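# Geometric and topological summary
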Amino acid sequence: KENITMLGEEKREGCVIFLHSGGFVLEKNDFHEQFGKAMADALNYDYIVPDYPINQTYKETIAYMEGIYKDACKYDKVLMVGCSAGANLAVSTMISYGEKYGMPSGLILMSPWLDTAMKNEEIQCVSDFDKEFFASLVEWGGQYNAGDTENELASPVNASKKQLKDFPKTVMIVGTEDILRYDAKKFYECLSDAGGNVVYYDAEGKNHGEVFAEY
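First things first, this report covers the structure right here in the doc. Since this is a predicted model, take the numbers as computed values, not measurements. (Residues numbered from 1 in each chain as written. Predicted model: local features only at pLDDT ≥ 70, side-chain atom pairs only at ≥ 80, totals over all residues. Heavy atoms only, no water.)

### Remarks on the nonpolar core
- Ranked by size, the top nonpolar core spans 50 residues in total, and within it Ile17, Phe167 and Phe187 carry the most contacts.
- The element best represented in this core is helix α3 (residues 85-101), accounting for eight residues.
- In contact with Phe187, not counting residues within four places along its chain, are Val91, Leu109, Leu114, Pro156, Val157, Leu164, Phe167 and Met172.
- Of all hydrophobic cores here, the second largest spans 17 residues; its members include Tyr45, Val81, Cys83 and Ala203. (Core = buried A, V, L, I, M, F, W, Y, C linked by side-chain atoms within 4.5 Å. Buried < 20%, exposed > 50% of the residue type's maximum accessible area, 1.4 Å probe, protein only. Helix = DSSP H or I, 4+ residues; strand = E, 2+ residues; numbered from the N terminus. Contact = heavy atoms within 4.5 Å.)

Listed below in structure tokens is the structure:
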């Protein structure tokens, strides 16, 4: 399994997939790799931290994920974890391939970026960080969704109840000062309405980047 890092000589019971942040324009870094390994160590699982395609549209990126997800689903248990853009990709991967290969055992979404169109009118930019971050996401999101702003694979906040009904237990961790929390709350409500087992944790006082830094 060229995609999977095995922590021992033998294949383990489960596999962690950690999909990194970076707005679909930044490559993974050493901290992302260390985080994936730390989760795998704690669970005694093998792991994958894929360097998925950047500066591409959602179609190319999600197509790449099929091989990654197919390999991981050969394990008895799969934990899918995504941060920011990686959380978007985690959800869209499950929508795309969950029925074909089976849903993971669980899903963790950290500071998820769930609407690449950035159209939620509730978003409030109250600091210079917010304003710069918002402008960057509008640019990066437009590149990723390629103008297909309503497609649920580019913006999972638009997923239907049918697409969400078989999701595994999901944990969402979102900073209370994150401008993306409005879409995270909306997705939480959609997943709950679809009958999903979902838990939402507030990271008090944290903005977008600080949630991953804390963990």
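### Considerations on the sheet that holds strand β3 (residues 77-83)
- Spatially, β2-β1-β3-β4-β5-β6 is the arrangement adopted by the six strands of the open sheet, whose pairing is parallel. Pairing within the sheet leaves two strands with one partner each, and these edge strands are β2 (46-48) and β6 (198-203). For this sheet the average axis-to-axis angle between neighbouring strands, irrespective of direction, equals 15 degrees.
- Where helix α2 (residues 58-72) meets the sheet, its contacts fall on β1 (14-19), β2 and β3, and the angle it forms with β1 comes to roughly 155 degrees. (Pairing = 2+ DSSP bridges. Axes fitted to C-alpha atoms, helices over the stretch in contact; angles between N-to-C directions.)

### Considering the packing of aromatic side chains
- Across all of its chains, the model carries eight aromatic pairs by this definition.
- Both rings, one in Phe18 and one in Phe35, keep their centres 4.8 Å apart while their planes meet at 55 degrees; by these two values the pair is tilted. Here Phe18, found in strand β1, pairs with Phe35, found in helix α1 (residues 30-43); they are 17 residues apart in sequence, far enough to count as distant.
- Here Phe18 falls in the buried class, since its relative accessible area comes to 0%.
- Note on Phe129 and Phe133: the rings are 5.6 Å apart at their centroids and 20 degrees apart in plane angle, and the pair reads as stacked. (Phe/Tyr/Trp six-rings, centres within 6.5 Å; stacked < 30°, edge-to-face > 60°.)

### What about the environment of Trp140?
- Along the chain, Trp140 turns up in helix α4 (residues 128-145).
- Separated by 38 residues in the primary sequence, Trp140 and Asp178 place their C-alpha atoms 17 Å from one another.
- Discounting chain neighbours no more than four positions away, the residues touching Trp140 are Gly23, Val25 and Trp113.

### Describing the pairing of β3
- Across the seven residues that make up β3, a large majority, six, are buried.
- In terms of strand pairing, β1 meets β3 through six bridges, oriented parallel. Looking across to β3, one finds that Val16 is bridged to Leu79.
- The handedness of the β3 to strand β4 (residues 106-110) crossover, carried by α3, is right-handed. (Right-handed = clockwise from strand over helix to strand, strands pointing away.)

### Quick word on the pattern of salt bridges
- Applying the stated criterion across every chain yields a total of nine salt bridges.
- For Arg12, the salt bridge goes to Asp46, with nearest N and O atoms at 3.9 Å. On the criterion of sequence distance, the pair formed by Arg12 in the segment before β1 and Asp46 in strand β2 is long-range, its members being 34 residues apart.
- Of the residues examined, Asp46 reaches a relative accessible area of 0% and is grouped as buried.
- The residue Asp41 makes a salt bridge to Lys37 at a minimum N-O spacing of 2.9 Å. Note that Asp41 and Lys37 are positioned in helix α1 at a spacing of four residues, about one turn of the helix. (Salt bridge = Lys/Arg side-chain N within 4 Å of Asp/Glu carboxyl O.)

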